[in-house]
Amino acid sequence: MTIDDVVKQVPQLFDYVKTMPKKLKEKCVVKVHPPGFIVHQKNTPLDYFGIVASGEHRVINEFENGNVYMIERNQPIDFIGEVTILADMPITSVTIETTTESIIIYMSRRDFEEWIADDIYFLRLVSQKIAYKLYRSSYNRGARLFYPPHFLLLEFLLRYADMHGTGERDAFTLPMTRQELCEETGISVKTLNRTIAKLKDEKILGICKGKLTMTTAQLAKAKDIIGDFTNIFYKTLS
């Protein structure tokens, strides 16, 4: 598969590769990764740069005690390794794992450095992407510090339902384990279990075969709770 083949599948990729030198296009390697593939591991040497043409991935921070903290989920079009390279660091600071089948265009670190040195247009695209990630990360980190666990969980469930949709169904089931939920929301296992039990007792969510479920009525109630809490929170700050 070539870059031109990928552009045919993903037309929006064109804006990201339209200024790529022809010689570099010929040197690039296109790979298709399955879900759960580790694109790069934390604390390992980084000698390549990638453009994610399709598929989603998550950025996680792993610690020696076995805990995993999920920093963010990213959707295409996205970049792999740009922060490490522009920071002029030799090793990665995070682990990147695909969550869906992904098409990634790879080039060497040196080729990427030469490209952005000569191409202000592409450098600006990369810079905008980094700025957006920093902005989103700062925003989310603030929420995790100041909002209570029930807010964080309901806000995540609403985002998930909005992204994946319920279609004509009256309810949806969250296909995640408790550990994955902890990574997504930044809530500890103990606190998460306590929060889920409380929301279940209040009939704001349900549990079926160990998985969280929400009806359309419960989603509407969750939206009201989020809205009311947000209004109260900001009034206390003013």
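Residues numbered from 1 in each chain as written. Predicted model: local features only at pLDDT ≥ 70, side-chain atom pairs only at ≥ 80, totals over all residues. Heavy atoms only, no water.

Participant: Residues and numbers for the packing of aromatic side chains, please.
Facilitator: Summed over the entire model, instances satisfying the criterion amount to 10 aromatic pairs. With a centroid separation of 6.0 Å and an interplanar angle of 65 degrees, the aromatic rings of Tyr16 and Phe79 are classed as edge-to-face. Pair noted here: Tyr16 is in helix H2 (residues 14-17) and Phe79 is in strand S6 (residues 78-80), with a separation of 63 residues, a long-range link. Among the aromatic residues, those joined into a cluster by ring pairs are Tyr16, Phe49, Phe79, Phe112, Trp115 and Phe122. Positioned over the ring face of Tyr106 is Lys31, at 5.8 Å from the centre of the ring. (Phe/Tyr/Trp six-rings, centres within 6.5 Å; stacked < 30°, edge-to-face > 60°. Helix = DSSP H or I, 4+ residues; strand = E, 2+ residues; numbered from the N terminus. Lys NZ or Arg CZ within 6 Å of the ring centre and 35° of its normal.)

Participant: Please set out the pattern of salt bridges residue by residue, giving values where relevant.
Facilitator: Enumeration over the complete set of coordinates arrives at 10 salt bridges. A salt bridge links Lys18 to Asp15; the nearest nitrogen and oxygen atoms lie 3.9 Å apart. Its relative accessible area of 42% is what places Lys18 among the partly exposed residues. For Asp15, a relative accessible area of 40% translates into the label partly exposed. Notably, a salt bridge pairs Glu82 with Lys133, separated by 2.9 Å at the nearest N-O pair. Placement of the pair is Glu82 in helix H4 (residues 82-86) and Lys133 in helix H6 (residues 120-146), with a sequence separation of 51 residues. (Salt bridge = Lys/Arg side-chain N within 4 Å of Asp/Glu carboxyl O. Buried < 20%, exposed > 50% of the residue type's maximum accessible area, 1.4 Å probe, protein only.)

Participant: Give me the confidence of the model for the protein chain: which residues, what numbers.
Facilitator: With 89% of its residues at a pLDDT of 70 or more, the protein chain has an overall mean of 87. Within the model, the stretch residues 232-238 combines pLDDT values under 50 with three contacts to residues more than four positions away or in other chains. (pLDDT = per-residue confidence, 0-100. Contact = heavy atoms within 4.5 Å.)

Participant: Report on the layout of surface pockets, specifying residues and quantitative values.
Facilitator: By rolling a water-sized probe across the atoms, one finds the places where empty space is left. The space that makes up the second largest pocket amounts to roughly 420 Å³. What lines the second largest pocket is a set of 20 residues, and nearest its centre among them are Val59, Glu72, Val83, Val94 and Lys133. Secondary-structure elements contributing two or more residues to the lining of the second largest pocket are strand S5 (68-74), S6, H4 and H6. Ranked by residues supplied to the lining of the second largest pocket, first place goes to H6 with five residues. Partitioned by chemical class, the residues of the lining of the second largest pocket number nine nonpolar, seven polar and four charged. (1 Å grid on protein atoms, 1.4 Å probe; cavity = no way out; pocket = protein on both sides within 12 Å on 5 of 7 lines; lining within 4 Å. Points joined across faces, edges and corners; volume = space filled by probe spheres on them. Nonpolar A, V, L, I, M, F, W, Y, C, P; charged D, E, K, R; others polar.)

Participant: I'd like a description of the sheet that holds strand S2 (residues 38-40), backed by residues and values.
Facilitator: Spatially, four strands are ordered S2-S7-S4-S5 in an open sheet, and the strand pairing comes out antiparallel. Only two strands of the sheet have a single neighbouring strand rather than two, namely S2 and S5. Put simply, the sheet's adjacent strands are angled 30 degrees from each other on average, direction ignored. Bridge analysis of S2 against strand S7 (residues 95-98) gives two bridges, and the strand direction is antiparallel. Paired with His40 across the two strands is Ile96, which belongs to S7. (Pairing = 2+ DSSP bridges. Axes fitted to C-alpha atoms, helices over the stretch in contact; angles between N-to-C directions.)

Participant: I'd like a rundown of helix H5 (residues 109-118), residues and numbers included.
Facilitator: Of all the residues in H5, the buried ones are Arg109, Asp111, Phe112, Trp115 and Ile116. Buried positions in H5, seen along its axis, are confined to an arc of 160 degrees and lie on one side of it. Opposite its buried face, H5 presents the exposed residues Arg110, Ala117 and Asp118, each directed more than 90 degrees away. (Arc of directions from axis to C-beta.)

Participant: Can you break down helix H9 (residues 189-201) residue by residue, with the values?
Facilitator: The end-to-end C-alpha distance of H9, which contains 13 residues, comes to 18 Å, matching closely the 18 Å that a straight helix rising 1.5 Å per residue would cover. Taken together, the buried positions of H9 are Leu192, Thr195, Ile196 and Leu199. The arc that holds the buried residues of H9, viewed along the axis, is 100 degrees, so those residues lie on one side. Summarising the geometry of H9, the exposed residues directed more than 90 degrees from the buried face are Lys190, Lys198 and Asp201. Buried residues in H9 make contact with helix H7 (149-164), helix H8 (178-185), strand S10 (206-208) and strand S11 (211-215). In the stretch just after H9, Lys203 is the one whose phi turns positive, near 60 degrees. (Expected span 1.5 Å × (residues − 1).)

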